[in-house]
Amino acid sequence: MGFEPIRKQGISGSPPNLADYEAARREFSWDRARAELSGLPGGRGLNIAYEAVDRHALGSAGNVVALRCVSHDDRVTELTYEDLRRRTNRFANALCALGIGPGDRVFTLLGRVPELYVTVLGTLKNRSVLAPLFSAFGPEPICERLRLGDARVLVTSEELNRRKIAAIRDRLPGLKHVLVVGRTAPEGTLSFQETLAACGDGFGIPDTDPEDMALLHFTSGTTGRPKAAVHVHEAVVAHHATARFALDLHPGDVFWCTADPGWVTGMSYGVIAPLVCGLTMVADAGEFDARRWYRVLARHRVTVWYTAPTAIRMLMRHGAEVAKDYDLSALRFVASVGEPLNPEAVVWGQEALGLPVHDNWWQTETGAIMISNFAGMDIRPGSMGRPLPGIEAAVLERGPSGRARVTRGRVQVVDRGEGELALRPGWPSMFRGYLHEEERYAKAFADGWYLTGDVARVDEDGYFWFVARADDVIKSAGHLIGPFEVENTLMEHPAVAEAGVIGKPDPVAGEIVKAFVALKPGHEPSEELRRELIAFGRRRLGAVAAREIAFDQNLPHTRSGKVMRRLLKARELGLPEGDVSTLEGPS
Ligand code: AMP
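Residues numbered from 1 in each chain as written. Predicted model: local features only at pLDDT ≥ 70, side-chain atom pairs only at ≥ 80, totals over all residues. Heavy atoms only, no water.

Caption draft 1: The arrangement of the confidence of the model for the protein in detail. When pLDDT is averaged across the protein, the result is 95; 97% of the residues are at 70 or more. Residue range residues 581-587 is modelled with pLDDT below 50. Its contacts to residues more than four positions away, or to other chains, number 19 contacts. (pLDDT = per-residue confidence, 0-100. Contact = heavy atoms within 4.5 Å.)

Caption draft 2: Structural view of the UniProt feature "domain: AMP-dependent synthetase/ligase" (unreviewed entry) in the protein. The UniProt feature table records "domain: AMP-dependent synthetase/ligase" (unreviewed entry) at residues 64-435. Strand forms 24% of residues 64-435 and helix 30%; the C-alpha atoms that close the span are 37 Å apart. (UniProt positions renumbered as here; feature names shortened; annotations may be inferred. Helix = DSSP H or I, 4+ residues; strand = E, 2+ residues; numbered from the N terminus.)

Caption draft 3: Main features of the pairing of strand 26 (residues 496-506). Pairing analysis gives ten bridges linking strand 26 to strand 27 (residues 510-519), with the strands arranged antiparallel. Within the sheet, the bridge partner assigned to valine 496 lies in strand 27 and is leucine 519. (Pairing = 2+ DSSP bridges.)

Caption draft 4: Seen up close, the state of the cysteines. Scanning all chains against the criterion turns up zero disulfides. With no disulfide of its own, cysteine 257 lies 13 Å from the sulfur of cysteine 277, the closest cysteine sulfur. (Disulfide = S-S within 2.5 Å.)

Caption draft 5: Looking closely at the sheet that holds strand 14 (residues 357-361). Strand order in the open sheet formed by nine strands is 2-1-11-10-12-13-14-15-16, and the pairing between neighbours is mixed. Only two strands of the sheet have a single partner each, and these edge strands are strand 2 (76-80) and strand 16 (386-387). Looking at chain direction, strand 14 and strand 15 (residues 371-372) are connected through two bridges and run antiparallel. Bridge pairing links asparagine 360 to serine 372 in strand 15. This element, helix 11 (residues 290-299), spans strand 1 (65-70), strand 10 (254-257), strand 11 (280-284) and strand 12 (304-307) of the sheet and lies at about 160 degrees to strand 11. (Axes fitted to C-alpha atoms, helices over the stretch in contact; angles between N-to-C directions.)

Caption draft 6: How the structure looks around the site of the ligand. Taken together, 17 residues sit near the ligand, with Asp359, Asn360, Gln363, Thr364 and Arg469 positioned nearest. In this structure, a nitrogen atom belonging to the ligand sits 2.7 Å away from a main-chain N or O atom of asparagine 360. Between an oxygen atom of the ligand and a side-chain N or O atom of threonine 364, the distance comes to 2.5 Å. Isolated, the ligand exposes 500 Å² of accessible area, and the fraction of that covered by the protein chains is 95%. Residue assignment for the shell around the ligand shows that the elements contributing at least two residues are strand 14 and strand 23 (464-469). The leading source of residues in the shell around the ligand is strand 14, at three residues. Grouping the constituent residues of the shell around the ligand by class yields eight nonpolar, four polar and five charged. (Near = heavy atom within 4 Å. Polar contact = N/O pair within 3.5 Å; in protein donor to acceptor, adjacent residues only side chain to side chain. Areas by Shrake-Rupley, 256 points an atom, 1.4 Å probe, with all protein chains shown as cover. Nonpolar A, V, L, I, M, F, W, Y, C, P; charged D, E, K, R; others polar.)

Caption draft 7: Representation of the pattern of salt bridges. Under the defined criterion, the tally for this structure stands at 50 salt bridges. A salt bridge links aspartate 472 to arginine 565; the shortest N-O distance between them is 3.3 Å. Highlighted residues: aspartate 472 in the loop between strand 23 and strand 24 (474-476) and arginine 565 in helix 18 (residues 565-573), separated in sequence by 93 residues. Looking at arginine 565, the relative accessible area reads 10%, which means it is buried. Residues participating in the shared-partner salt-bridge network are Asp74, Asp284, Arg292, Arg295 and Arg299. (Salt bridge = Lys/Arg side-chain N within 4 Å of Asp/Glu carboxyl O. Buried < 20%, exposed > 50% of the residue type's maximum accessible area, 1.4 Å probe, protein only.)

Caption draft 8: Looking closely at unusual backbone geometry. The phi angle at arginine 127 is positive, at roughly 60 degrees, despite the residue not being glycine. Residue placement: arginine 127 occurs in the loop between helix 5 (114-125) and strand 4 (129-132). Although it is not a glycine, aspartate 248 adopts a positive phi angle of roughly 55 degrees. Inspection of the secondary structure assignment puts aspartate 248 in the loop between helix 9 (235-246) and strand 10.

Caption draft 9: Fine view of the sheet that holds strand 26. Across the sheet, which stays open at both edges, the three strands sit in the order 26-27-28 with mixed pairing between neighbours. For this open sheet the edge positions go to strand 26 and strand 28 (548-551), each flanked by a neighbour on one side alone. Strand-to-strand, the axes of this sheet are offset by a mean angle of 25 degrees, without reference to chain direction. Contacting strand 26, strand 27 and strand 28, helix 16 (residues 483-490) runs over the sheet at an angle of about 140 degrees to strand 26. Strand contacts of helix 17 (residues 527-541): strand 26, strand 27 and strand 28, with the helix running at about 135 degrees to strand 28, the strand carrying the most contacts.

Caption draft 10: Fine view of the packing of helix 16 against helix 17. The contact between helix 16 and helix 17 brings their axes to 10 Å, and the two run at 120 degrees. Put simply, helix 16 runs oblique to helix 17. The interaxial crossing formed by helix 16 with helix 17 has right-handed handedness. Contacts between helix 16 and helix 17 involve Glu485, Val486, Thr489 and Leu490 on the former and, on the latter, Leu533, Phe536, Arg540 and Leu541. Tallied by class, the residues present in the contact of helix 16 with helix 17 amount to five nonpolar, one polar and two charged. (Parallel < 35°, antiparallel > 145°, perpendicular 65-115°, else oblique. Left-handed = near helix turned anticlockwise from the far one by under 90°.)

Caption draft 11: Layout of the side chain of histidine 56. With respect to the helices, strands and loops of the structure, histidine 56 is situated in helix 3 (residues 48-57). In this structure the side chain of histidine 56 is engaged in a polar contact, spanning 3.2 Å, whose partner is the backbone oxygen of valine 276. Excluding anything up to four places from it in sequence, histidine 56 contacts Glu51, Ala61, Gly62, Tyr81, Leu275, Val276, Cys277 and Gly278.

Caption draft 12: Inspection of the side chain of arginine 292 at higher detail. Topologically, arginine 292 is positioned in helix 11. Given a relative accessible area of 8%, arginine 292 falls into the buried group. Reaching out from arginine 292, the side chain makes a polar contact with the backbone oxygen of serine 71 at a distance of 3.0 Å. For arginine 292, the contacting residues outside a window of four places in its chain are Val70, Ser71, His72, Asp74, Asp284, Gly286 and Glu287.

Caption draft 13: Focus on the pairing of strand 8 (residues 213-219). Burial analysis of strand 8 places six of its seven residues in the buried class, the great majority of the element. Here strand 8 runs beside strand 9 (residues 227-232); their pairing, made up of six bridges, is antiparallel. Along strand 9, the bridge assignment pairs phenylalanine 218 with alanine 228.

Caption draft 14: Looking closely at the nonpolar core. Of all hydrophobic cores here, the largest spans 99 residues; its most connected members are Tyr269 and Tyr306. Among the elements that make up this core, the one with the highest residue count is helix 10 (residues 264-276) (eight residues). When residues no more than four places from it in sequence are discounted, the contact partners of tyrosine 269 are His239, Thr242, Ala243, Leu247, Phe255, Cys257, Val264, Pro274, Tyr306, Trp362, Ala368 and Ile369. Judged by nonpolar contacts, the second largest core, of 45 residues, contains Phe107, Phe134, Trp263 and Ala495. (Core = buried A, V, L, I, M, F, W, Y, C linked by side-chain atoms within 4.5 Å.)

Caption draft 15: Spatial organisation of the UniProt feature "domain: AMP-binding enzyme C-terminal" (unreviewed entry) in the protein. Per the UniProt record, "domain: AMP-binding enzyme C-terminal" (unreviewed entry) is annotated on residues 485-562. The distance separating the terminal C-alpha atoms of residues 485-562 is 15 Å; by composition the span is 27% helix and 32% strand.

Caption draft 16: Highlighting the packing of aromatic side chains. According to the stated counting rule, one finds 22 aromatic pairs in the structure shown. Summarising the aromatic geometry, the rings of phenylalanine 431 and tyrosine 434 are spaced 5.0 Å apart at their centres and angled 55 degrees between planes, so their arrangement reads as tilted. Neither residue differs from the other here; phenylalanine 431 and tyrosine 434 are each classed as buried. Among the aromatic residues, those joined into a cluster by ring pairs are Phe431, Tyr434, Tyr441, Phe445 and Tyr450. The ring of tyrosine 463 has arginine 380 lying over it, and the distance from NZ or CZ to the ring centre is 4.1 Å. (Phe/Tyr/Trp six-rings, centres within 6.5 Å; stacked < 30°, edge-to-face > 60°. Lys NZ or Arg CZ within 6 Å of the ring centre and 35° of its normal.)

This is how it looks when you write it as structure tokens:
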């Protein structure tokens, strides 16, 4: 630690939505939060897309710019709430025309282009289920997730279709339609533009039960296949309330969330929450580039910025002086999520941006921010902050497995100190299951708590501090990567007998993926083979493949024969192999 608390800032203009933490917790109830939304007219339920688009468009905000999309070459396309209402209606009509109904899964594999937002919200209007994919995935993880999620429709770009989908299409008999955004629609696909042009722009959202499935988000565990976390329309209550509390969103804000729309942050806060709050959202199609990002902040007069620790650390590498070339005077609140935010980065925000970075914590399963540093609360640099109003968080005593100790169905809460971070279920955006995997879902709960898989410490004032993951899952540049998926792919190479994959600490990305590989008889370690394996992984897995590979004919095993990733990590970190419990620590 050694970092002084940063006093809450006087924010110019409107007072923070959460000015007094204790009072906000006392006064809050989810029923009250629900009452701030309109619900479908005539009491016909709750639909995310209606709250995000139609209630603004049909009210007094039809002409407000909902979305400002910046293309790779800096062209700006603006859509008002009314534009978005009509286009999402067209998309919903297109789904109906294709025979896609409630509950059917529509996948996206797209960057931040206007068609993405139209697809997401049009799908929800039709009560179909939206499942976003990370476009930097290679063909294998994409294929696996399309299959796991029972994809009926995929919306993608011309280029991504050619590079990633064309080769796997015949392995996906359930995938009925591929809609392609671009100039041409290759054989076997439909043109997004033409399909929508053929549809009308009026659509009546059908009755929507708040418990109807709305979104599927893929996440990774230590073992087995990726998991598809199920979220329902009711989640919008939490998207709205948490965006107001943790991101301090106000009407009139210009908000920019840099998260990729293929992950939960890019969906909950990169699409849904800002629109539900009725403000203007900036969506930049470009990749990270320090000067580009400062330019977006300055040119679009961004007031609230939600980004990630890796991005902040990359900006730090370019030096605080670069920020001084840009007019960032509109910016009033900066937040970050996804991986540990080191205290230096919090403080650097103050130097470069004139504002500290507010860390917050949540995960795919929670659907919305759970723990946060708020505008109206002092920041303890390095801490994730305190639980949101309506959220009860605790740390639970751990057993030898590293996870919460459950004795005769009971867990033990640690008042002050370290343990597995747990949350009391019942908030609206909590996942309702892992698709087709009831047992895996049931295992995530004990004694009335949802167990997060993270180790955290709670201090005497109720601030939570991230310690480590309780499992072997890797976080690289904010993306959760399952070691099992990487190991399996490497083992498909004819030279590989076995593989063990770990997260190797990295000063910028937090962790990078490193694989230890045992070769089959007849194969010898060589620089050439190492390069070949890296390329092999990269072709199949894309951005989540191993960046480093080491040969090791003596991979350590547990008694049951599994590769001991923890021991591999101990060796990598130069820690004593005998005491693998010391492996945990911020990475
Ligand atoms: P995902 O489900 O991909 O959003 O990843 C969730 C995981 O990211 C959490 O369980 C944590 O391990 C990590 N994470 C998210 N936010 C933070 C944070 N503020 N500090 C440390 N780790 C975080």
